[in-house]
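The primary structure of each chain is shown beneath.
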Amino acid sequence: MADRAGSFTLVHALWFLLAAAALGVEEVIARIARGDRAALRSAYDAFGGRAMAIALRILGSVQEAEEVVQDTFIEIWRRAAEYRRERGTPDAWIATMARSRAIDRLRERTRAENTLRTLAFEPPRDPEPPPSESAARRQERSRVRAALAALPAEQRRTVELAYFAGLTQSEIARATGEALGTVKTRIRLGMEKLADALLEARP
Amino acid sequence: MTCAEFKELAAALALDALDPDERATARAHLAESITHEGCAETLARAEAAARLLSGALIDTPPSDRVWRSIEAWIPAHAPRRRWATAAGWAVAAAASVAGVILAGRGIRLRSERDAARAQTAAVEARAASSGDLARQCAAQLESARKTSGLAREAIALLQQPGSRVVPFAPQGGFGGAALAVLSPDRRRAILLSTALSPAAARDYQLWVIPPGRGATPVSAGLVEAAEGVALGDFQPGALARGAFALAVSAEPKGGSRTGAPTQVVLVAALGG
């Protein structure tokens, strides 16, 4: 057994090396997992605004959105060790977590409330970007917005109702009066086009 | 649910826009041990796109009271120490190994490589004089030699400026992970995993999914495993047309009988 130990150790060492290289850019999350409060504050400063934006868009209530942000960062503190790079970059992971919590709250509301929200859904007016916003963040927003704007209007609205209003396909169909099959097709086609635009042309 | 039906719903699943029953049915289909027709890949692509959508919003800083509440909560609650798992400790150990090697001090690995060569030679000599045992040793030696050689190539690839390390996501409940190091021109990829144990009736096969909607996965060879550590050299021919994603499937011994992946267990989306 010891005869193969050399090569065995070599490939294990390589495994460690590759793992570290893969996770290097997510160092801040790794530090949180080790109980570093300053790292959590860094993540909050960097990504709290994104979490708030998505929660506010879905819930439409500052108080509830702030509760979602609080829950999200407490969850990050508790579960940072479970972060995996394939779940996306830290900002996308945090935004996804915040969106998921916001949707959970949304779905605790009654169906009637959600139907009314859908009928009233119009993307709210944009706030001013924070002064600290980076050029990369501006560029990212432009790219995602351009991809959304390139969709046919009905596909864009259906995807926006699903993603930014947190509604299910059935809720969208009920609220808009469209056939469920039409809603499904719009979501599928819209997301295929978004994937083409956002993934294959990623800088 | 059929694969075609699943793929119709994948985008809505990625957006969390399915009703509970439909979501459960879709998840159950994904976990089925059947020959899927690109279900995991379709979902992974939709999820990757969905993750980017929040980027359309303008960040809205929460009020100060939110951080104060978080700050008040955390002293009494330590993070969960998932680092205590094997994978976690592997990554923690990786930091120290990588720190040494990436700083250009590859002494430890080089000495391990030399030790491996010496030990390999010793096994070879013993194998030459021990009948059946020798043949068994020789087979294992061949496997170890391949993986050891590939490991050295992966290190060289990693040291090239512009090379990337890409993680694989487990599919269909597969319990493990893998990484691949990708050359700057994406014409060479080497997979490394501790999760792909060899078995008497099973092999793991590498696949390249070329760019373009509906592209057919291209076989890229079999994973070589020794002592529970597996490496896979994606055949350059399979990467010649470029790659949108890399995948690993579980197959009968010798590889897929159909020319298509039987059960995809790991996928890495490379993007454009």
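Residues numbered from 1 in each chain as written. Chains lettered and ligands numbered in written order. Predicted model: local features only at pLDDT ≥ 70, side-chain atom pairs only at ≥ 80, totals over all residues. Heavy atoms only, no water.

**Things to note about the overall build of chain B**
Part 1 of the argument: From N to C terminus, chain B includes eight helices and nine strands.
Part 2 of the argument: Residues classed as buried in chain B amount to 49% of the 272 residues present.
Part 3 of the argument: A separation of at least 24 residues holds for 59% of the contacts in chain B among residues at least 6 apart in sequence.
Part 4 of the argument: Accessible area of chain B: about 12300 Å², with a carbon and sulfur share of 55%. (Helix = DSSP H or I, 4+ residues; strand = E, 2+ residues; numbered from the N terminus. Buried < 20%, exposed > 50% of the residue type's maximum accessible area, 1.4 Å probe, protein only. Contact = heavy atoms within 4.5 Å. Areas by Shrake-Rupley, 256 points an atom, 1.4 Å probe, with all protein chains shown as cover.)

**Examining the side chain of Ser54 of chain B**
Part 1 of the argument: Of note, Ser54 of chain B is situated in the loop between α3 (39-52) and α4 (64-73).
Part 2 of the argument: Of the residues examined, Ser54 of chain B reaches a relative accessible area of 0% and is grouped as buried.
Part 3 of the argument: A polar side-chain atom of Ser54 of chain B sits 2.9 Å from a polar atom in the side chain of Arg50 of chain A.
Part 4 of the argument: Not counting residues within four places of it along the chain, the set of residues in contact with Ser54 of chain B comprises Arg50, Ala95, Arg137 and Tyr163 of chain A. (Polar contact = N/O pair within 3.5 Å; in protein donor to acceptor, adjacent residues only side chain to side chain.)

**Overview of the pairing of strand β8 (residues 245-252) of chain B**
Residue and element names in this part refer to chain B.
Part 1 of the argument: Taking burial as the measure, the eight residues of β8 include seven buried ones, the bulk of the element.
Part 2 of the argument: With eight bridges connecting them, strand β4 (residues 202-209) and β8 associate as antiparallel partners. For Arg202, the partnering residue across the bridge sits in β8 and is Pro252.
Part 3 of the argument: Inspection of the sheet shows β8 paired to strand β9 (residues 263-269) by six bridges, in the antiparallel sense. The partner of Leu246 across the bridge, within β9, is Ala268. (Pairing = 2+ DSSP bridges.)

**Describing unusual backbone geometry**
Residues and elements named next belong to chain B.
Part 1 of the argument: Phi at Asp16 is positive, roughly 55°, even though this residue is not glycine.
Part 2 of the argument: Of note, Arg186 is a non-glycine position whose phi angle comes to about 60°, a positive value.
Part 3 of the argument: Relative to the elements of secondary structure, Arg186 occurs in the loop between β2 (178-182) and β3 (189-193).

**Thoughts on the nonpolar core**
Part 1 of the argument: Grouped together as the largest cluster of nonpolar side chains are 80 residues, with contacts concentrated most on Phe73 and Met191 of chain A together with Leu53 of chain B.
Part 2 of the argument: The greatest single-element share of this core, amounting to 12 residues, is contributed by helix α3 (residues 37-59) of chain A.
Part 3 of the argument: Ignoring anything within four residues of it in the chain, the contact list for Met191 of chain A reads Val159 of chain A together with Ala11, Leu15, Ala46, Ala49, Ala50 and Leu53 of chain B.
Part 4 of the argument: Leu182, Val208, Ala225 and Ala268 of chain B belong to the second largest nonpolar core, which has 28 residues in total. (Core = buried A, V, L, I, M, F, W, Y, C linked by side-chain atoms within 4.5 Å.)

**Some words on the environment of Ala24 of chain B**
Part 1 of the argument: Locating Ala24 of chain B in the fold gives a position in helix α2 (residues 20-31).
Part 2 of the argument: Between the alpha carbons of Ala24 of chain B and Leu13 of chain B there is a distance of 10.0 Å; along the sequence they are 11 residues apart.

**Remarks on α4 of chain B**
Part 1 of the argument: Taken together, the buried positions of α4 of chain B are Val66, Trp67 and Ile70 of chain B. Seen from one end, α4 of chain B has its buried residues packed into an arc of 90°, which puts them on one side. Exposed side chains of α4 of chain B directed beyond 90 degrees from the buried face belong to Asp64, Arg68 and Ala72 of chain B.
Part 2 of the argument: Tucked into the core, α4 of chain B has its buried residues touching α3 and α4 (62-79) of chain A. (Arc of directions from axis to C-beta.)

**Regarding the environment of Pro217 of chain B**
Residue and element names in this part refer to chain B.
Part 1 of the argument: Along the chain, Pro217 turns up in the loop between β4 and β5 (218-222).
Part 2 of the argument: Exposure remark for Pro217: the relative accessible area of 25% places this residue in the partly exposed category.
Part 3 of the argument: Not counting residues within four places of it along the chain, the set of residues in contact with Pro217 comprises Trp207, Val208, Ile209, Pro210 and Pro261.

**Description of the state of the cysteines**
The term disulfide refers to a covalent linkage connecting the sulfur atoms of a pair of cysteines.
All names here are of chain B.
Part 1 of the argument: Applying the stated criterion to the full structure yields zero disulfides over all chains.
Part 2 of the argument: We note that Cys3 lacks a disulfide partner, and the nearest cysteine sulfur, in Cys39, lies 3.5 Å from it.
Part 3 of the argument: We classify Cys3 as buried; its relative accessible area is 7%. (Disulfide = S-S within 2.5 Å.)

**Regarding the packing of helix α10 (residues 180-199) of chain A against helix α1 (residues 3-14) of chain B**
Part 1 of the argument: Look at α10 of chain A against α1 of chain B: their axes get within 8 Å of each other, and the N-to-C directions meet at 75°. When the axes of α10 of chain A and α1 of chain B are compared, the pair comes out roughly perpendicular. Seen from α10 of chain A, the contacting residues are Lys184, Ile187, Arg188 and Met191 of chain A; seen from α1 of chain B, they are Lys7, Glu8, Leu9, Ala11 and Ala12 of chain B.
Part 2 of the argument: Taken together, the residues that form the contact of α10 of chain A with α1 of chain B break down as five nonpolar, no polar and four charged. (Axes fitted to C-alpha atoms, helices over the stretch in contact; angles between N-to-C directions. Parallel < 35°, antiparallel > 145°, perpendicular 65-115°, else oblique. Nonpolar A, V, L, I, M, F, W, Y, C, P; charged D, E, K, R; others polar.)

**Description of the pattern of salt bridges**
Part 1 of the argument: Here the structure, examined in full by the defined rule, presents 22 salt bridges over all chains.
Part 2 of the argument: Between Arg41 of chain A and Asp45 of chain A there is a salt bridge; the shortest N-O distance is 2.9 Å. Taken as a pair, Arg41 of chain A and Asp45 of chain A lie in helix α3 at a separation of four residues, close to a single helical turn.
Part 3 of the argument: In this structure Arg41 of chain A comes out as partly exposed when scored by relative accessible area, which is 32%.
Part 4 of the argument: Lys184 of chain A is paired through a salt bridge with Glu22 of chain B; the nearest N and O atoms lie 3.0 Å apart. Taken together, the positions of Lys184 of chain A in helix α10 and Glu22 of chain B in helix α2 put the pair across two chains.
Part 5 of the argument: Given a relative accessible area of 23%, Lys184 of chain A falls into the partly exposed group.
Part 6 of the argument: We classify Glu22 of chain B as partly exposed; its relative accessible area is 23%. (Salt bridge = Lys/Arg side-chain N within 4 Å of Asp/Glu carboxyl O.)

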